[in-house]
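# Remarks on the overall topology
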Amino acid sequence: MSLSLDLTGRLAVVTGGVRGVGLGISRALLEAGADVVAVARREPASLPSAGGRTARFASFDVRDAAAAQAFFDGLDRVDVLVNNAGGTPFLPLAEGEIRTHAKIIELNLTSAMIMSRAANERMQVQDGGGSIIMISSVSGTRPSPGSAAYGAAKAGLDNLATSLAVEWAPRVRVNSLTLGMVRTEQSHLHYGDEEGIAAVARTVPLGRLADPYDIGAACAFLASDLAAYISGSALLLHGGGERPAFLDAANVNTKQD
């Protein structure tokens with residue numbers, strides 16, 4: 001086996017693949033040689049493109065099992081599925097309608113279960129099997145105040161990945177990417193203006209927020225033969241994590257003037 005990230009001849013499906021993190025994933029997979037189908041409910045003004053090629057687009061609700069099944073039935077094959085669709089507003093659990101919180105879980109967890117099940121059906125019977133990648137979050141492994149439903153969904157997504165890695169082996173590999181903070185076109189909604197984004201970036205050991213392409217590069221790796229023995233794993237993409245709060249609160253080891 002050669003050391004190569006070449007995905008030429010493979011078909012990759014990216015949910016939420018037309019903006020933000022999903023756009024970065026679609027572009028990276030295109031650059032690696034894959035044919036990409038970007039899935040979203042609404043078609044964007046322009047489709048992801050890279051390396052002189054452009055992704056195809058499919059419009060349907062990834063929470064709809066019948067629509068997902070019809071979509072995969074219409075493909076000749078599927079080699080890679082990236083379950084990226086998700087997100088949440090800031091909404092404490094005691095506020096808003098309970099149905100709103102349930103919908104957040106449906107978008108971030110149930111949709112991945114639906115899409116993965118339909119993709120696996122095809123992957124199990126085709127040459128080469130397949131690779132499924134869950135886009136998770138550090139919110140699934142630490143407290144997520146203001147987005148509890150989202151954090152709970154991502155925790156469930158991590159467990160789903162490890163469980164399916166066992167259920168669907170050896171034909172299908174299943175992994176997750178645990179994301180920290182990513183700079184997208186909606187970063188201002190969470191972190192404020194440029195000064196606020198810069199202040200948040202200084203809390204990250206690597207000194208910046210992730211770029212969507214960073215996430216795409218990791219997806220290309222996990223989809224490739226370089227990761228042929230990686231399944232049931234969670235890869236951390238958080239720039240080194242977060243500085244422990246107690247280090248700033250403790251009155252020891254401080255620099256003296």
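Description of the structure in this document. Remember, predicted model here, so these are calculated numbers, not experimental data.

## Comments concerning the environment of R202
Here R202 lies in the loop between α6 (194-201) and α7 (212-223). Judged by its relative accessible area of 64%, R202 is exposed. In sequence terms R202 and G240 are 38 residues apart; their C-alpha atoms lie 12 Å from each other.

## Details of the pairing of strand β7 (residues 130-137)
Taking burial as the measure, the eight residues of β7 include eight buried ones, the bulk of the element. Side chains of β7 alternate between two faces, with G130, I132, M134 and S136 and S131, I133, I135 and S137 buried alike. Across four bridges, the pairing between strand β6 (residues 80-83) and β7 is parallel. Paired with V82 across the two strands is I133, which belongs to β7. Handedness of the β-α-β unit built from β7, helix α4 (residues 148-167) and strand β8 (residues 172-179) comes out right-handed.

## Some words on the packing of aromatic side chains
According to the stated counting rule, one finds two aromatic pairs in the structure shown. Each ring, one from F60 and one from F71, has its centre 5.0 Å from the other, and the planes form 35°; the classification is tilted. Taken together, the positions of F60 in the loop between β5 (56-59) and α2 (65-73) and F71 in helix α2 put the pair 11 residues apart, joining distant regions of the chain. Exposure class is identical for F60 and F71. Each is buried. Taken together, the ring pairs connect F60, F71 and F72 into an aromatic cluster.

## Section: the pattern of salt bridges
For the coordinates displayed, the defined rule picks out eight salt bridges. R53 is paired through a salt bridge with D35; the nearest N and O atoms lie 3.3 Å apart. Remark: D35 occurs in strand β2 (residues 35-40) and R53 occurs in strand β4 (residues 53-54); sequence separation between them is 18 residues. The partly exposed category is assigned to D35, whose relative accessible area is 40%. Taking the shortest distance from any N to any O, the salt bridge between D214 and R208 comes out at 2.9 Å. Salt bridges linked by common partners bring R41, D61 and R63 together as one network.

## Describing a nonpolar patch on the surface
Taken together, the side chains of L3, L5 and L226 make up a nonpolar region of the molecular surface, amounting to roughly 310 Å² of accessible area. Residue placement: L5 occurs in the segment before β1 (11-15). On the accessibility criterion, L5 (39% relative accessible area) is partly exposed.

## Quick notes on the nonpolar core
Membership of the largest hydrophobic core comes to 30 residues, with the highest contact counts inside it found for V13, F71, F72, M134 and V174. At the level of elements, β1, β2, α2, α3 (98-123), β7, α4 and β8 are the ones that each hand at least two residues to this core. With six residues, α3 is the single largest residue contributor to this core. Non-local contacts of F72, meaning those with residues more than four positions away in its chain, are made with V13, V78, L81, M115, A118, A119 and R122. Membership of the second largest hydrophobic core comes to 28 residues, among which are V36, I133, L222 and A223.

## Some details on α6
Every buried residue of α6 is accounted for by G196, I197, V200 and A201. Buried residues of α6, viewed axially, fall in a sector of 140°; they line one side.

## Some words on unusual backbone geometry
Trans peptide bonds make up the majority, and among non-glycine residues the majority have a negative phi. The step from A169 to P170 runs through a cis peptide bond, and the omega angle for that step is 0°. One can find P170 in the loop between α4 and β8.

## A short note on the sheet that holds β1
The seven strands lie next to each other as β5-β2-β1-β6-β7-β8-β9, forming an open sheet whose pairing is parallel. Bordering the open sheet on either side are β5 and β9 (234-237), each of which pairs with just one other strand. Strand-to-strand twist in this sheet, taken as the mean axis angle between neighbours without regard to direction, amounts to 20°. Alignment of β7 against β8, held across eight bridges, turns out to be parallel.

## Overview of the packing of α2 against α3
The geometry of α2 relative to α3 is characterised by a closest axis approach of 9 Å and an angle of 30° between their N-to-C directions. Taken together, α2 and α3 sit at an angle that is classed as roughly parallel. Viewed along their axes, α2 and α3 form a crossing whose handedness is right-handed. Residues A65, A68, Q69, F72 and D73 of α2 form the contact with α3, whose own contacting residues are I114, M115, A118, A119, E121 and R122. For the contact of α2 with α3, the per-class residue count stands at seven nonpolar, one polar and three charged.

Parameters at a glance
Residues numbered from 1 in each chain as written. Predicted model: local features only at pLDDT ≥ 70, side-chain atom pairs only at ≥ 80, totals over all residues. Heavy atoms only, no water. Helix = DSSP H or I, 4+ residues; strand = E, 2+ residues; numbered from the N terminus. Buried < 20%, exposed > 50% of the residue type's maximum accessible area, 1.4 Å probe, protein only. Pairing = 2+ DSSP bridges. Right-handed = clockwise from strand over helix to strand, strands pointing away. Phe/Tyr/Trp six-rings, centres within 6.5 Å; stacked < 30°, edge-to-face > 60°. Salt bridge = Lys/Arg side-chain N within 4 Å of Asp/Glu carboxyl O. Patch = residues over 30% accessible without salt bridge, like charges linked within 9 Å, V, L, I, M, F, W, Y side chains within 5 Å. Areas by Shrake-Rupley, 256 points an atom, 1.4 Å probe, with all protein chains shown as cover. Core = buried A, V, L, I, M, F, W, Y, C linked by side-chain atoms within 4.5 Å. Contact = heavy atoms within 4.5 Å. Arc of directions from axis to C-beta. Axes fitted to C-alpha atoms, helices over the stretch in contact; angles between N-to-C directions. Parallel < 35°, antiparallel > 145°, perpendicular 65-115°, else oblique. Left-handed = near helix turned anticlockwise from the far one by under 90°. Nonpolar A, V, L, I, M, F, W, Y, C, P; charged D, E, K, R; others polar.

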